[in-house]
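# Understanding the architecture of this molecule
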Amino acid sequence: MDERYLDLEWRPELERPVLVSAFTGWNDAAEAASMALGALGNAWGVSRFGRFDPEEFFDYQSTRPQVKLVDGVTRKIEWPENALYATPSEGVEALGGRGAILLSGPEPNLRWRTFSEVVVGLARELGVEMVITLGALLADVPHSRPVPVAANSQDAALVEGLGLSASRYEGPTGITGVLHTLCAEAGLPAVSLWASMPHYLPAVPSVPGALALVQSLESLLGARVDTGELERGAERYQEQVSAAVARDPDLSSYVKMLEERYDASQGEGGAQIRQLPSGEELARELEDFLRRQRGEDGQQP
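A brief look at the structure comes next. (Residues numbered from 1 in each chain as written. Predicted model: local features only at pLDDT ≥ 70, side-chain atom pairs only at ≥ 80, totals over all residues. Heavy atoms only, no water.)

### Some details on the packing of aromatic side chains
Counted according to the given criterion, the structure contains eight aromatic pairs. With centroids separated by 6.1 Å and ring planes inclined at 75 degrees, the aromatic side chains of Phe 52 and Phe 57 adopt a geometry described as edge-to-face. Ring geometry for Tyr 200 versus Tyr 254: centroids 6.3 Å apart, planes at 85 degrees, classification edge-to-face. With a gap of 54 residues between them, Tyr 200 in the loop between strand E11 (190-198) and helix H6 (207-221) and Tyr 254 in helix H8 (residues 249-267) connect regions that are remote in the sequence. On the basis of relative accessibility, which here comes to 15%, the residue Tyr 200 falls in the buried class. On the accessibility criterion, Tyr 254 (26% relative accessible area) is partly exposed. One aromatic cluster is present, formed by Tyr 5, Phe 23, Phe 52, Phe 57 and Phe 115 through successive ring pairs. (Phe/Tyr/Trp six-rings, centres within 6.5 Å; stacked < 30°, edge-to-face > 60°. Helix = DSSP H or I, 4+ residues; strand = E, 2+ residues; numbered from the N terminus. Buried < 20%, exposed > 50% of the residue type's maximum accessible area, 1.4 Å probe, protein only.)

Here's what the structure looks like:
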């Protein structure tokens with residue numbers, strides 16, 4: 001791991017940790033991914049332990065620093081940065097005793113390969129067993145139906161063992177796509193969770209999207225997260241958005257068409273977007289997979 005790009009205040013010692021990341025910007029439609037990561041951090045009581053050097057990864061004309069006033073007098077500059085957080089060293093009961101590292105911040109402007117290599121190197125040094133990225137994209141989905149969450153991986157063993165979707169996307173990518181490629185090259189298991197957000201609400205923060213990502217992560221890891229606040233926020237979102245849509249006849253007609261298309265796809269045997277299987281069985285299968293990766297079953301991973 002190249003420590004020139006990192007500023008670590010301390011090094012967490014965690015039991016079988018996972019690394020969960022979310023980046024604001026291109027990968028974060030309706031702020032669903034970053035909101036989900038914030039909810040995880042609050043639920044698990046994480047503490048900050050480091051950051052990436054912003055001078056190496058940001059173009060300040062593209063991602064500008066912010067000037068803030070402290071006590072209404074002192075001017076302070078807040079630089080864009082990617083920060084690292086860790087759960088308590090004794091583990092988190094809600095995570096089955098395992099630890100978690102959270103990586104948050106804006107999508108870097110520069111040196112994506114270097115950034116991803118540093119993430120992978122840090123993950124290796126801290127004993128991370130799996131990298132999970134959270135993302136959100138705009139799609140032709142209605143706000144009034146459950147949020148589809150696609151679970152993808154470039155790891156053939158994960159795809160087969162957990163019933164995930166193989167990543168077959170072609171086109172422009174973000175930092176998450178580069179990070180997953182570098183994880184695959186390093187043999188580090190990685191899963192990408194993507195929530196589909198209504199494209200007609202691009203500027204409205206989606207609490208339902210954040211909730212869906214958190215619930216998918218719960219299913220994958222067999223973890224527990226207090227989602228009460230997200231659930232209440234999702235209810236308010238539905239009420240407010242539905243009322244606004246009802247006041248616009250054209251938009252209302254369009255949403256109705258999306259609802260009919262969504263319902264038809266469900267009736268044909270499932271959603272068009274392959275979603276993560278749920279339940280305790282999935283979490284057990286993941287633990288079996290990670291145990292084989294560690295060689296604890298007596299076989300080589």
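The structure having been displayed, the exposition proceeds.
### Section: the environment of Leu 251
Tracing the backbone through its elements, the reader meets Leu 251 in helix H8. Placed 51 residues apart in sequence, Leu 251 and Tyr 200 show a C-alpha to C-alpha distance of 8.7 Å. With residues near it in sequence (within four places) discarded, Leu 251 still touches Tyr 200 and Val 245. (Contact = heavy atoms within 4.5 Å.)

### Section: the nonpolar core
Grouped together as the largest cluster of nonpolar side chains are 48 residues, with contacts concentrated most on Leu 40, Trp 44, Ile 132, Leu 134, Leu 193 and Leu 213. Per-element tally for this core: the top contributor is H6, with nine residues. Among the nonpolar cores identified, the runner-up in size contains 30 residues, and Leu 103, Val 120, Leu 122 and Val 128 belong to it. (Core = buried A, V, L, I, M, F, W, Y, C linked by side-chain atoms within 4.5 Å.)

### Quick word on the packing of helix H1 (residues 32-44) against H6
Contact geometry of H1 with H6 gives a least axis separation of 8 Å together with a crossing angle of 55 degrees. By the angle between their axes, H1 is oblique relative to H6. Handedness of the H1/H6 crossing: right-handed. Touching Ala 32, Ala 33, Met 35, Ala 36, Leu 40 and Trp 44 of H1 are Val 207, Gly 209, Ala 210, Leu 213, Val 214 and Leu 217, all from H6. When grouped by side-chain class, the residues that make up the contact of H1 with H6 number eleven nonpolar, one polar and no charged. (Axes fitted to C-alpha atoms, helices over the stretch in contact; angles between N-to-C directions. Parallel < 35°, antiparallel > 145°, perpendicular 65-115°, else oblique. Left-handed = near helix turned anticlockwise from the far one by under 90°. Nonpolar A, V, L, I, M, F, W, Y, C, P; charged D, E, K, R; others polar.)

### A few points about the pattern of salt bridges
Counting across every chain of the model gives ten salt bridges. For Arg 145, the salt bridge goes to Glu 259, with nearest N and O atoms at 3.8 Å. Of this pair, Arg 145 sits in the loop between strand E8 (130-139) and strand E9 (149-153) while Glu 259 is found in helix H8, placing the two residues 114 residues apart along the sequence. For Arg 145, a relative accessible area of 24% gives the class partly exposed. Through salt bridges with shared partners, one network takes in Asp 7, Glu 9, Arg 48, Arg 51 and Glu 81. (Salt bridge = Lys/Arg side-chain N within 4 Å of Asp/Glu carboxyl O.)

### What about a negative patch on the surface?
On the surface, a cluster of negative charge is made up of Asp 226, Glu 229, Glu 231, Glu 235 and Glu 239. Residue class for Glu 235 comes out exposed when judged on its relative accessible area of 52%. (Patch = residues over 30% accessible without salt bridge, like charges linked within 9 Å, V, L, I, M, F, W, Y side chains within 5 Å. Areas by Shrake-Rupley, 256 points an atom, 1.4 Å probe, with all protein chains shown as cover. Lys, Arg positive; Asp, Glu negative; His and termini not counted. Charge placed at Lys NZ, Arg CZ, Asp CG, Glu CD.)

### As for the pairing of strand E4 (residues 66-70)
Note: E4 against strand E5 (residues 74-78), five bridges, orientation antiparallel. Opposite Leu 69, over in E5, you have Arg 75 as the bridge partner. With antiparallel pairing between neighbouring strands as the criterion, E4 and E5 make up a hairpin whose turn holds three residues, including Asp 71 at a positive phi of roughly 60 degrees. (Pairing = 2+ DSSP bridges.)

### What to know about the pairing of E11
Of all nine residues that make up E11, nine are buried, and the element is covered over most of its length. Alignment of E8 against E11, held across nine bridges, turns out to be parallel. Each bridged residue has a counterpart across the sheet, and for Val 131 the counterpart in E11 is Ala 190. Bridge count for E9 against E11 is four bridges, and the pairing is antiparallel. Bridge pairing in E11 places Ala 151 opposite Leu 193.

### Thoughts on the sheet that holds strand E6 (residues 83-86)
Judged by pairing direction, the sheet is mixed, and its nine strands sit side by side in the order E1-E3-E6-E7-E2-E8-E11-E9-E10 without closing on themselves. Because the sheet does not close on itself, it has two edges, and the strands there are strand E1 (6-8) and strand E10 (165-166). Relative to E8, strand E2 (residues 18-24) is paired through five bridges, and the arrangement is parallel. The residue bridging Val 20 from the neighbouring strand is Ile 132, located in E8.

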